[in-house]
Amino acid sequence: MNIKHFILFLSSTGISFSVGAQNVETSPTDSLTLNEAVVEGKRMEQKNDRLWIYPSKAEIENSTTVFSLLKKLPLKHVTVNDISNSISSPYGVVQVYINDAPASHQDLLSLNLKLIRRIELIDLPGIRYGENTAAVIRVITRKANDGYSLGLYATHLADEANGSINAYGKTVWGNSGFDLNLQTSYNHTDNPLSLYCDRYAMADGTTLIRTRNDSYSHTHANSRSGSMRYSYSLPDKFYLQSTVSANFNRTPYSQSVCRINTASDTYEQINDDTSKYSQPSVEVYTTLNLTAKQTLIANISTTFGQSESTTRHESPVWEYAYATDGKFRNFGSEICYENRLKPFTITSGFEYSRQHTSNHYTGDTETHSCLRTSYERLYAELSGRIAKFGYRGGIGFSHSYVNQNGTRTDDAFFRSSLLLSYQISTPHQLRYSLSYAPYTSRFRNLSDVSIQTDDLNIERGNPQLRSYRRIEQIFSFSFNYARVQAELSAMVRLNRNPVMSRTFRDEGGKFIHTQANQPFCNMYNPSGYLHIRIIPDKLSFLLWGGYYHFDNKGSDYRHKTDEVTFTGSLYAYLGRFSLSAESGLLYTSPSPRD
């Protein structure tokens with residue numbers, strides 16, 4: 001059967017357009033599975049460590065991409081933007097998979113929504129998914145039948161020249177498949193203007209008060225990317241996926257003008273930046289079912305990159321300009337073994353990555369930076385269920401190596417996690433999570449390069465940064481009914497010796513802005529989530545809110561801040577059309593309390 005569709009989606013911030021054609025042979029079992037879910041009204045299943053969500057027929061038909069579908073679902077602590085096509089969380093990184101394979105941005109745009117069986121949300125990921133992972137989304141699909149699909153997805157913001165065009169083609173024949181994805185995006189926008197007031201304690205004991213008021217800020221940027229993928233599948237036995245991709249980004253023009261005022265002088269500073277970046281990569285992923293209960297998952301990838309950039313700061317009293325030429329190469333691999341026994345499941349794995357980065361600076365900054373890093377991680381996890389009690393425990397060992405221009409540092413650390421759940425009744429569940437984990441600094445903070453940004457300020461890397469430790473506890477109570485889902489949770493996150501900002505004055509009177517390991521940074525966060533299907537498949541309402549209290553102690557300061565945030569969404573489905581309305585509130589305490 002030949003299916004064609006045409007969807008036009010309008011919102012207050014942009015326009016998206018999708019057109020596609022498919023040649024798909026549907027099977028009776030596909031429609032039977034969908035009809036059974038509709039008849040039973042079974043939209044969610046709460047598992048030990050994850051929530052299974054079965055999208056309704058109306059939600060799928062009124063979605064143009066996976067992003068717009070996910071936005072309609074009750075994904076706790078996850079924010080989905082179906083205009084910029086992004087998925088994020090205030091607690092860390094969100095990993096997205098299609099079945100067991102990591103999914104790219106293009107994969108989610110080109111996936112046929114009619115193949116989706118369910119969405120799995122792991123809002124408390126275990127040790128398997130690495131550090132700083134706030135949530136994992138797994139899109140579980142049924143196998144596509146022989147045929148082809150072509151699609152075009154475009155967005156353009158109504159109030160500025162910002163948008164993207166994505167084109168894709170897919171074909172499936174027998175056990176093989178081939179995908180081609182092309183994307184181009186453009187961004188010609190006026191950036192937000194800011195006003196800053198800085199107080200400088202000068203070497204002579206006086207205080208300099210200086211304000212910076214942006215009067216102009218504009219950016220021209222564009223990017224192009226493409227990928228080719230071949231896959232081979234033997235149902236319930238073997239899956240192989242190989243991908244070749246490349247990304248090209250250019251920012252030919254980025255300029256800002258700010259007016260600087262002091263008690264004795266007023267002048268303008270002009271900041272100009274240009275950059276270009278290219279990154280080809282190759283990735284191979286495979287899944288092998290050794291037996292009905294044993295699975296082996298492995299992937300290997302390599303990436304090469306090259307970048308060039310120029311920066312210029314100019315004012316009547318000061319001028320500073322430099323250029324950067326950078327190259328990097330990265331290799332990564334991981335292997336994971338899973339054995340689904342009764343009454344528990346054992347998961348273990350090993351991850352390895354290695355990266356070499358070389359940056360050459362010319363102009364007013366004349367230096368060369370060479371950074372070599374490697375990372376190894378070994379982990380094991382045990383999960384299962386006994387009557388109404390569920391459990392998941394994991395341990396891991398990691399080692400990182402950094403060599404910065406001959407200065408070598410090694411870090412070895414232990415990681416553990418625990419998740420306990422109790423099913424009070426079919427819809428009600430209590431959960432407690434405890435984790436102890438190391439976190440490494442971003443590699444760009446490890447550079448020993450100093451870059452001057454104006455006549456008083458210098459930004460400097462710190463190659464002596466060390467990994468820090470995080471202890472996190474979460475307690476939650478949730479209930480899931482056919483039309484109402486809600487959760488109340490409380491989080492305590494304690495960071496010991498975290499990497500935070502540090503500013504000091506050097507002997508020459510310049511103010512150095514760098515990163516350093518500081519005493520602690522703690523967060524306390526109660527939050528709530530509510531999803532109501534007011535009229536099933538016609539009208540739904542989402543509400544999420546939370547209170548954050550931050551307590552940060554540095555080597556020479558202590559800040560305490562409070563924040564309250566709420567976000568609400570209303571969705572109406574009118575046949576082939578859908579309407580959505582969103583509103584948000586963010587309140588931050590006026591100033592830190594020292």
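Residues numbered from 1 in each chain as written. Predicted model: local features only at pLDDT ≥ 70, side-chain atom pairs only at ≥ 80, totals over all residues. Heavy atoms only, no water.

1. A word on empty space enclosed by the protein
Summed over the entire model, instances satisfying the criterion amount to four cavities of 30 Å³ or more. In this structure, the largest cavity spans a volume of roughly 400 Å³. Contributions of two or more residues to the lining of the largest cavity are made by strand E10 (133–141), strand E23 (407–423), strand E24 (428–439), strand E27 (468–480), strand E28 (484–496) and strand E31 (520–535). Residues belonging to the lining of the largest cavity are distributed by class as follows: ten nonpolar, twelve polar and eight charged. Approximately 60 Å³ is the volume found for the second largest cavity. In terms of lining, the second largest cavity is formed by Met44, Leu51, Pro74, Lys76, Ser478, Asn480, Gln485, Ala486 and Tyr529. (1 Å grid on protein atoms, 1.4 Å probe; cavity = no way out; pocket = protein on both sides within 12 Å on 5 of 7 lines; lining within 4 Å. Points joined across faces, edges and corners; volume = space filled by probe spheres on them. Helix = DSSP H or I, 4+ residues; strand = E, 2+ residues; numbered from the N terminus. Nonpolar A, V, L, I, M, F, W, Y, C, P; charged D, E, K, R; others polar.)

2. Observations regarding the pattern of salt bridges
Applying the stated criterion across every chain yields a total of 30 salt bridges. We note a salt bridge from Arg312 to Glu314, for which the minimum N-O separation is 1.9 Å. The exposure class of Arg312 is partly exposed, given its relative accessible area of 25%. A salt bridge links Arg377 to Glu351, with the shortest nitrogen-to-oxygen separation between them at 2.9 Å. With Arg377 in strand E21 (residues 367–386) and Glu351 in strand E20 (residues 344–363), the pair connects residues that are 26 residues apart, well separated along the chain. (Salt bridge = Lys/Arg side-chain N within 4 Å of Asp/Glu carboxyl O. Buried < 20%, exposed > 50% of the residue type's maximum accessible area, 1.4 Å probe, protein only.)

3. With respect to the nonpolar core
Ranked by size, the top nonpolar core spans 28 residues in total, and within it Leu70, Leu75, Ile87 and Ile137 carry the most contacts. Of all elements in the fold, only strand E4 (51–53), helix H3 (66–71), strand E7 (93–98), helix H4 (105–110), strand E9 (116–122) and E10 reach the threshold of two or more residues within this core. Non-local contacts of Leu70, meaning those with residues more than four positions away in its chain, are made with Leu75, Val80, Ile87, Ile119 and Ile137. Membership of the second largest hydrophobic core comes to 13 residues, among which are Ile474, Leu542, Trp544 and Tyr548. (Core = buried A, V, L, I, M, F, W, Y, C linked by side-chain atoms within 4.5 Å. Contact = heavy atoms within 4.5 Å.)

4. What to know about the packing of aromatic side chains
Considering all chains together, one arrives at 13 aromatic pairs under this definition. When the centroid spacing of 6.4 Å and the interplanar angle of 40° are considered together, the rings of Tyr91 and Tyr548 count as tilted. Of this pair, Tyr91 sits in the loop between strand E6 (86–88) and E7 while Tyr548 is found in strand E32 (residues 539–553), placing the two residues 457 residues apart along the sequence. Of the two residues, Tyr91 and Tyr548, neither departs from the other in class, the shared state being buried. An angle of 50° between the planes, with centres 6.3 Å apart, marks the rings of Phe477 and Phe479 as tilted. By relative accessible area, which is 28% here, Phe477 ends up partly exposed. A connected cluster of aromatic rings, assembled from ring pairs, spans Trp318, Tyr320, Tyr322 and Tyr361. Sitting over the ring of Trp52, Lys47 keeps its end group 4.4 Å from the ring centre. Its guanidinium or amino end placed over the ring of Trp52, Arg118 lies 3.8 Å from that ring's centre, counting from NZ or CZ. (Phe/Tyr/Trp six-rings, centres within 6.5 Å; stacked < 30°, edge-to-face > 60°. Lys NZ or Arg CZ within 6 Å of the ring centre and 35° of its normal.)

5. Quick notes on the pairing of E27
Burial of E27 is one-sided: the residues Tyr468, Arg470, Glu472, Ile474, Ser476, Ser478 and Asn480 facing one way are buried, the residues Arg469, Ile471, Gln473, Phe475, Phe477 and Phe479 facing the other way are not. Strand direction decides the pairing type here: E24 and E27, joined by twelve bridges, are antiparallel. Note that in E27 the partner of Leu434 across the bridge is Gln473. The pairing of E27 with E28 spans twelve bridges and is antiparallel. Its bridge partner being in E28, Ile474 is matched across the sheet by Met491. Hairpin connection, E27 to E28: the antiparallel pair is bridged by three residues. (Pairing = 2+ DSSP bridges.)

6. Here we look at the pairing of E7
Most of E7 sits inside the fold, with five of its six residues counted as buried. Relative to E10, E7 runs parallel, the two being bridged by six bridges. In the sheet register, Ile98 faces E10, and the bridge partner there is Val139. A loop of two residues connects E7 with strand E8 (residues 101–102), the two strands running antiparallel in sequence, and Asn99 in this loop sits at a positive phi of about 60°.

7. What about the sheet that holds strand E29 (residues 499–505)?
By definition, the strands of a sheet pair up through backbone hydrogen bonds, in either a parallel or an antiparallel sense. Taken together, the four strands give an open sheet; going across it, the order is E25-E26-E30-E29, and neighbouring strands pair in mixed fashion. Edge positions in the sheet fall to strand E25 (450–452) and E29, since each has one partner strand and no second. Strand-to-strand twist across the sheet, computed as the mean angle between neighbouring axes with direction ignored, equals 30°. For strand E26 (residues 457–460) and strand E30 (residues 511–517), the ladder comprises three bridges, and the chain directions are parallel. Counted as the bridge partner of Glu459 is His513 from E30. (Axes fitted to C-alpha atoms, helices over the stretch in contact; angles between N-to-C directions.)

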